[in-house]
Amino acid sequence: MADPSPAAEPYRVLGPDDPEPVQVLRPRGGSAFFLTCEHAGKIFPRRLGTLGVTGADLERHITWDIGAAAVARRLSELLDAACVLQTYSRLVVDCNRWPPAEDFICTLSEKTEIPGNVGISEVEREAREREIFHPYHDTIHAMLDGRRDHGAHTVLVAVHSCTPVFHGISRPWHIGILYEHDRRVADILMQILKRHEDLFVGDNEPYFMTAEKDYAVPVHGHNRGIPHVELEIRQDLITSGSGQEEWAERLRDVLTEALAILRERSII
């Protein structure tokens with residue numbers, strides 16, 4: 001009797017020549033800060049092309065958080081902080097959304113249609129989740145477990161950027177401080193940043209974080225009970241190299257001061 005035919009290989013969205021979905025910087029960094037960047041990249045798996053997105057749209061905020069990765073990388077260097085970055089475009093899969101969510105793989109971003117995401121099969125959806133979403137969050141989970149097991153204090157900081165105008169509405173905030181239930185880090189950062197008279201600081205602006213909508217900070221921060229915050233820097237301030245350096249240095253100083261206060265208050 002002939003051997004049964006081998007099971008078909010599962011559908012894969014990433015090929016052997018595609019970059020890894022996760023980049024880790026300074027995994028043994030000495031800082032208490034642990035940085036993440038969910039929308040760091042703008043690349044697409046070769047198999048998907050660019051999902052039908054072309055021209056200037058490939059450089060817009062719909063594709064990635066402009067400037068956020070550069071700030072996170074430099075901040076990681078300045079603080080000697082571990083940093084985990086997700087390298088694929090948010091249009092492939094949004095690693096700050098829950099997999100069942102409608103905008104986990106969006107067909108319309110702002111007013112731009114994403115043709116390659118229309119009518120995709122459950123098999124392809126699962127492949128994107130399995131090959132990009134889970135490796136990214138599994139990496140964060142494992143690293144945070146390791147820090148916990150070694151008795152290292154951790155403050156989770158997610159680095160994002162936001163558009164200066166959204167659906168025709170201006171966003172005047174230079175930086176937004178986002179949180180849900182746990183205000184420990186947010187309140188300290190707002191207290192420090194509001195001393196900077198040149199800054200307009202948003203308190204849960206331009207977004208209000210919720211565990212129903214957001215994934216990274218609620219899961220890795222709130223659910224673990226570790227101090228956490230999400231930063232939303234207005235992207236026109238960090239489009240250039242000089243702006244990225246300025247904000248990385250500014251945040252280095254602000255976070256260093258905040259860490260001293262967290263320690264004074266025995267929060268960490």
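If you're wondering where the values come from, they're calculated on a predicted model, not measured in any experiment.

## What to know about the overall build of the protein
Phase 1: On a plain count of helices and strands, the protein comes out with five helices and eleven strands.
Phase 2: For a compact globule of 268 residues, the expected C-alpha radius of gyration is about 18 Å, and the protein comes in at 19 Å, within 12% of that figure.
Phase 3: Dimensions of the protein along its principal axes, counting C-alpha atoms only, are 75 × 45 × 30 Å.
Phase 4: Across the 268 residues that make up the protein, the buried fraction comes to 53%.

## Some details on the side chain of aspartate 18
Phase 1: For aspartate 18, the position within the fold is in the segment before β1 (22–25).
Phase 2: Arginine 46 provides the closest opposite charge to the buried, unpaired aspartate 18, separated from it by 4.4 Å.
Phase 3: A distance of 2.7 Å separates the side chain of aspartate 18 from the backbone nitrogen of glycine 15, its partner in a polar contact.
Phase 4: Polar side-chain contacts of aspartate 18 include one of 3.1 Å to the backbone nitrogen of arginine 46.
Phase 5: The contact partners of aspartate 18, leaving out residues within four places of it in the chain, are Val13, Phe44, Pro45, Arg46 and Tyr88.

## What about helix α3 (residues 184–193)?
Phase 1: Counting buried positions along α3 yields seven of ten residues, so the element is predominantly enclosed.
Phase 2: Looking only at α3, the buried set comprises Val185, Ala186, Ile188, Leu189, Met190, Ile192 and Leu193.
Phase 3: As for α3, its buried residues are in contact with β6 (155–162), β9 (175–178), β10 (201–203), β11 (228–234) and α5 (241–264).

## Overview of the confidence of the model for the protein
The predicted coordinates should not be examined in detail at positions where pLDDT is low.
Phase 1: In this model, the protein carries an average pLDDT of 95, and 97% of its residues clear a pLDDT of 70 or more.
Phase 2: Low pLDDT, under 50, characterises residues 1–6; the stretch is placed with zero contacts to residues that sit more than four places away or in other chains.

## Comments concerning the packing of aromatic side chains
Phase 1: Counted under the stated rule, the structure contains four aromatic pairs.
Phase 2: Both rings, one in phenylalanine 104 and one in phenylalanine 133, keep their centres 5.4 Å apart while their planes meet at 80°; by these two values the pair is edge-to-face. Taken together, the residues span a long stretch of sequence, with phenylalanine 104 in the loop between β3 (82–86) and β4 (108–109) and phenylalanine 133 in helix α2 (residues 122–149) at a distance of 29 residues. Note on accessibility: phenylalanine 104 and phenylalanine 133 belong to one class, buried.
Phase 3: With a centroid separation of 6.3 Å and 40° between ring planes, the pair formed by tryptophan 173 and phenylalanine 200 is classed as tilted. Here phenylalanine 200 lies in the loop between α3 and β10 and tryptophan 173 lies in the loop between β8 (169–170) and β9, a separation of 27 residues in the sequence.

## Let's talk about α2
Phase 1: The largest bend along α2 reaches roughly 35° and is located at histidine 134, with the proline proline 135 sitting one to four residues downstream.
Phase 2: Two residues or fewer after α2 comes glycine 151, characterised by a positive phi angle close to 75°.

## As for the side chain of glutamate 131
Phase 1: Its location among the elements puts glutamate 131 in helix α2.
Phase 2: Taking the relative accessible area as the measure of exposure, glutamate 131 reaches 6% and is therefore buried.
Phase 3: Not counting residues within four places of it along the chain, the set of residues in contact with glutamate 131 comprises Tyr11, Arg12, Val13, Leu14 and Pro21.

## Notes on the sheet that holds β1
Phase 1: Sheet architecture is open: seven strands sit in the order β1-β3-β2-β6-β11-β9-β10, paired in mixed fashion. With partners counted over all chains shown, the strands left at the sheet margins are β1 and β10, one partner each. For this sheet, the mean inter-axis angle between neighbouring strands, taken without regard to orientation, is 20°.
Phase 2: Across three bridges, the pairing between β9 and β10 is parallel. Counted as the bridge partner of isoleucine 177 is aspartate 203 from β10.
Phase 3: Here helix α1 (residues 68–79) sits on the sheet and contacts β1, β2 (33–37), β3, β6 and β11; the angle it forms with β2, its principal contact strand, is near 165°.
Phase 4: Packed onto the sheet, α2 meets β1, β2 and β3 and runs at close to 170° relative to β3.

Cut-offs and rules
Residues numbered from 1 in each chain as written. Predicted model: local features only at pLDDT ≥ 70, side-chain atom pairs only at ≥ 80, totals over all residues. Heavy atoms only, no water. Helix = DSSP H or I, 4+ residues; strand = E, 2+ residues; numbered from the N terminus. Rg over C-alpha atoms; globule rule 2.2 N^0.38 Å. Buried < 20%, exposed > 50% of the residue type's maximum accessible area, 1.4 Å probe, protein only. Lys, Arg positive; Asp, Glu negative; His and termini not counted. Salt bridge = Lys/Arg side-chain N within 4 Å of Asp/Glu carboxyl O. Polar contact = N/O pair within 3.5 Å; in protein donor to acceptor, adjacent residues only side chain to side chain. Contact = heavy atoms within 4.5 Å. pLDDT = per-residue confidence, 0-100. Phe/Tyr/Trp six-rings, centres within 6.5 Å; stacked < 30°, edge-to-face > 60°. Bend = angle between axes of the 7 residues up to and from the residue. Pairing = 2+ DSSP bridges. Axes fitted to C-alpha atoms, helices over the stretch in contact; angles between N-to-C directions.

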